[in-house]
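# Examination of the molecular architecture
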Amino acid sequence: MPESSSKREYVVGVDFGGTKILAGVFTQQYKCLGRSKLSTKADRGPAAVTERIARAVQDAIDECDLQMDQVRGIGVGAPGAVDTENGRVIFAPNLSGWQDVPLKKSLEKTLGAPVFLENDGNICTLGVHHVELGGKPKHMVGLFIGTGIGAGLIIDGKPFSGYNKTAGEIGHMVLEVGGPKCGCGNRGCFEALASRQAIFKKIQSQVKEGQKTVLTEMLGSDLVDMRSGDLRKALRRGDHLVEKVVEEAAEYIGIGIANLINLLSPEVIVLGGGVIDALEDEMMAIIVETAHDYALPGTDKGIEIIPSKLGDDAGIVGGAVLARRETK
Ligand SMILES: [Zn+2]
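Residues numbered from 1 in each chain as written. Predicted model: local features only at pLDDT ≥ 70, side-chain atom pairs only at ≥ 80, totals over all residues. Heavy atoms only, no water.

### Comments concerning the pairing of strand 9 (residues 140-145)
- Counting buried residues in strand 9 gives 6 out of 6 residues, a clear majority hidden from the surface.
- By the alternation rule, side chains of strand 9 split into Met140, Gly142 and Phe144 and Val141, Leu143 and Ile145, which are all buried.
- Direction of pairing for strand 9 relative to strand 10 (residues 149-155): antiparallel, over a ladder of 6 bridges. What sits directly across from Val141, in strand 10, is Leu153.
- Counted along the chain from strand 9 to the antiparallel partner strand 10, the turn is 3 residues long.
- Here strand 9 pairs with strand 12 (residues 268-272) via 5 bridges, running parallel. The residue bridging Phe144 from the neighbouring strand is Gly272, located in strand 12. (Buried < 20%, exposed > 50% of the residue type's maximum accessible area, 1.4 Å probe, protein only. Helix = DSSP H or I, 4+ residues; strand = E, 2+ residues; numbered from the N terminus. Pairing = 2+ DSSP bridges.)

Here you go:
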């Protein structure tokens, strides 16, 4: 028997970034009933992307034979600085034209259900903390290594956003003064040293300088359309250049984590995102070892550094948690 359509008992989680939009429909127990995936087409600008987000939500709802009026709320994770109170994306460094976009208002108008907006790192952290770890860790950091580096903080069991609601921009901690240029305009940010974009740029520039890699056989000499999975394939073929660059990125991630241990002493640091999903076997041991090497002696005892099992779903699960919390 289909449930009564007047009963709004489902929530939708949405995660969008520079390449794709994911949406998932969840029960009260965070079981995923249906999902959808669309490319972002970020070059078409905010209005077109907003329409595609709405379409992804409608597709996911349709996928599980539900109707919009059975949805009590939609939680959306956006890749940038977000004004959660007014539901606006203030700035998204990896999406062109995204400055002060009233995403909540536009989506609510199209979809007819309440929409709640959060930064994607915060939303992924919320999903991992609440669903994967059962809300147990009192102090936790979520660190998501993808196109950029997103992160979120749980302090005293609650998401921590700080004075200007922008805390947790770990990707823009400077780890190398005068280092490579970051999307935010600074140099040497964590994100400019260890994100997928940073890894790709480094490989591309070293190939230009004449270094050899099997990636050029696989993808052509200009290495366009490189993906994290290509790095894994190259590593399995014993590629020295990729090995060196991936190892360096893992070391920077370890150093970033050591800084977080020194600053916050979290109980657990959970890693996720496309780079970790694709290269977990190759990177985790180096990350953990480097973090322990650089943390102040004795302060890292018992602190866990683990990969998330939610993979790509952390964002949509977190979106569902946000929507459920906000509509209680
Ligand atoms: Zn930066």
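Still more ground to cover, so stick around.
### Quick word on the coordination of the zinc ion
- Protein coordination at the zinc ion: the donors are His172 (ND1), Cys182 (SG), Cys184 (SG) and Cys189 (SG), at 2.0 to 2.3 Å from the metal.
- Here the zinc ion binds 4 donor atoms, and the angle range of 106 to 122° at the metal identifies the geometry as tetrahedral.
- Within one chain, the residues serving as donors to the zinc ion are arranged as H-x9-C-x1-C-x4-C. Taken as a pair, His172 in the loop between strand 11 (158-159) and helix 4 (190-194) and Cys189 in the loop between strand 11 and helix 4 lie far apart in primary sequence, 17 residues in all.
- With relative accessibility at 0%, the residue Cys189 sits in the buried group. (Donors = N, O, S within 2.8 Å, 3.2 Å for Na, K, Ca; no water. Tetrahedral: all angles 85-135°; square planar, octahedral: opposite > 155°, others 65-115°.)

### Quick look at the packing of aromatic side chains
- All chains considered together, the criterion is met by 1 aromatic pair.
- Residues Phe16 and Trp98 carry aromatic rings whose centres are separated by 5.4 Å and whose planes lie at 45° to one another, so their mutual orientation is tilted. Taken as a pair, Phe16 in strand 1 (residues 10-16) and Trp98 in the loop between strand 6 (88-91) and strand 7 (99-101) lie far apart in primary sequence, 82 residues in all. Pair check on accessibility: Phe16 and Trp98 agree, each one buried. (Phe/Tyr/Trp six-rings, centres within 6.5 Å; stacked < 30°, edge-to-face > 60°.)

### Some words on the sheet that holds strand 13 (residues 304-307)
- Spatially, the 5 strands line up as an open sheet ordered 11-10-9-12-13, and their pairing is mixed. Only two strands of the sheet have a single neighbouring strand rather than two, namely strand 11 and strand 13.
- Lying over the sheet, helix 8 (residues 240-264) contacts strand 9, strand 10, strand 12 and strand 13, oriented at roughly 160° with respect to strand 9. (Contact = heavy atoms within 4.5 Å. Axes fitted to C-alpha atoms, helices over the stretch in contact; angles between N-to-C directions.)

### With respect to unusual backbone geometry
- Non-glycine residue Asp100 carries a positive phi angle of around 50°.
- Here Asp100 lies in strand 7.
- You will see that Leu223, though not glycine, has its phi angle at about 55°, which is positive.
- On the secondary structure map, Leu223 appears in the loop between helix 6 (214-219) and helix 7 (228-236).

### Some thoughts on the packing of helix 5 (residues 196-208) against helix 8
- Relative to each other, helix 5 and helix 8 sit at 145°, their axes nearing to 10 Å. Every pair of crossing elements has a handedness; the one defined by helix 5 and helix 8 is right-handed. In this structure, helix 5 contributes Ile199, Lys202, Ile203, Gln206 and Val207 to the contact, and helix 8 contributes Leu241, Val242, Lys244, Val245, Glu248 and Ala249.
- Each residue belonging to the contact of helix 5 with helix 8 can be placed in one class, and the counts come to 7 nonpolar, 1 polar and 3 charged. (Left-handed = near helix turned anticlockwise from the far one by under 90°. Nonpolar A, V, L, I, M, F, W, Y, C, P; charged D, E, K, R; others polar.)

### Describing the side chain of Gln206
- By the secondary structure assignment, Gln206 is in helix 5.
- For Gln206, a relative accessible area of 13% translates into the label buried.
- Of the polar contacts made by the side chain of Gln206, one reaches the side chain of Lys244; its length is 3.3 Å.
- Setting aside residues no more than four positions away along its own chain, Gln206 makes contact with Gln211, Leu241 and Lys244. (Polar contact = N/O pair within 3.5 Å; in protein donor to acceptor, adjacent residues only side chain to side chain.)

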